[in-house]
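Okay, here's what each chain looks like letter by letter:
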Amino acid sequence: MAFLGETSNQTIVNSTLGFIFPNGSVVHNDSGFYFQTSTPVPIRVPNACDFQMLKTIIHNTLQLTDKQYLDEIYYQQPFTDTGSQFCFQCMQQKNDDDVNTMLMCNHQFSCVGPIELLCTIGRTPYDILNLLEATITSTHDALLYYNGR
């Protein structure tokens, strides 16, 4: 698929610039909120994107391992308040309808900038257990053994 790694004119014309904020935070302000992370990661979101495709693009772009999974995706959705000022709300992406809404909002409010997605990355239970086991020292094991008697 061209949009996953290649940069062709066809891809750029039929996609929208976006940024992923992996394991970032939500900072609230007067206009709603914004996403914050150490280094946002650029992506291209195809105009004909569905939820599964969005998840695949994010997974591949972030180069997640088999011990990691994409837990949640949030979109910084622009809207205008009663005073016609731009504000933002946090919209979780859960299905194809949410992705379609995201793409329509971004097209309608293209002047506010690229698509911004906050993604939470989880670890599998097996990987968490491996991390815990790797941090247990032999002293800790001995204390557990002797205190258990």
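Only a predicted model underlies this, so the values are computations on that prediction, with no experimental measurement involved.

K.L.:
Sorry, what's going on with the overall build of the protein chain here?
P.N.:
The secondary structure content of the protein chain amounts to five helices and seven strands. Secondary structure of the protein chain in N-to-C order comes out as α-β-β-β-β-α-β-β-α-β-α-α. Sorting the 149 residues of the protein chain into buried and exposed places 32% on the buried side. Considering only intrachain contacts with a sequence separation of at least 6, the fraction spanning at least 24 residues in the protein chain is 62%.

K.L.:
Would you take a moment to explain the nonpolar core for this structure?
P.N.:
Grouped together as the largest cluster of nonpolar side chains are 21 residues, with contacts concentrated most on V45, L54, I58, M102, L117 and C119. Contributing elements (two or more residues each) for this core: strand 4 (41-46), helix 2 (51-62), strand 5 (68-80), helix 3 (96-108) and strand 7 (115-123). Excluding residues within four positions of it along the chain, L117 makes contact with F19, I20, F21, F35, I43, L54, I58, I73, Y74, Y75 and M102. Formed by six residues, the second largest nonpolar core is a distinct cluster that contains F33, F35, Y74 and F88.

K.L.:
Just to check I follow, could you spell out the sheet that holds strand 1 (residues 15-22) for this structure?
P.N.:
Across a sheet, paired strands are connected by hydrogen bonds in the backbone, their directions being either parallel or antiparallel. Read from one edge of the open sheet, five strands run 4-1-7-5-6, paired in mixed fashion. With partners counted over all chains shown, the strands left at the sheet margins are strand 4 and strand 6 (86-92), one partner each. Looking at each pair of strands side by side, their axes are set apart by 35 degrees on average, direction ignored. By the bridge criterion, seven bridges tie strand 5 to strand 7 in an arrangement that is antiparallel. Opposite E72, over in strand 7, you have T120 as the bridge partner. This element, helix 2, spans strand 1, strand 4, strand 5 and strand 7 of the sheet and lies at about 155 degrees to strand 4.

K.L.:
In this structure, what is going on with the pairing of strand 5? I would like to understand it.
P.N.:
Along any regular strand the residues' side chains alternate between the sheet's two faces. As defined by bridge partners, strand 5 adjoins strand 6 across seven bridges and the pair is classed as antiparallel. Considered in strand 6, the bridge of Y75 is made with M91. Between strand 5 and the antiparallel strand that follows it, strand 6, lie five residues; S84 among them carries a positive phi value of about 60 degrees.

K.L.:
Would you mind going over helix 2 with me for this structure?
P.N.:
The periodicity of an α-helix, 3.6 residues per turn, causes residues three or four places apart in sequence to face the same way. The end-to-end C-alpha separation of helix 2 is 17 Å, in line with the 16 Å expected for twelve residues at 1.5 Å each. Along helix 2, the residues classified as buried are F51, L54, I57, I58 and L62. Seen along its axis, helix 2 keeps its buried residues to an arc of 125 degrees; they face one direction. The N-cap of helix 2, judged by a side-chain oxygen 3.4 Å from the amide nitrogen of Q52 a few residues on, is D50.

So, how was this worked out
Residues numbered from 1 in each chain as written. Predicted model: local features only at pLDDT ≥ 70, side-chain atom pairs only at ≥ 80, totals over all residues. Heavy atoms only, no water. Helix = DSSP H or I, 4+ residues; strand = E, 2+ residues; numbered from the N terminus. Buried < 20%, exposed > 50% of the residue type's maximum accessible area, 1.4 Å probe, protein only. Contact = heavy atoms within 4.5 Å. Core = buried A, V, L, I, M, F, W, Y, C linked by side-chain atoms within 4.5 Å. Pairing = 2+ DSSP bridges. Axes fitted to C-alpha atoms, helices over the stretch in contact; angles between N-to-C directions. Expected span 1.5 Å × (residues − 1). Arc of directions from axis to C-beta. Polar contact = N/O pair within 3.5 Å; in protein donor to acceptor, adjacent residues only side chain to side chain.

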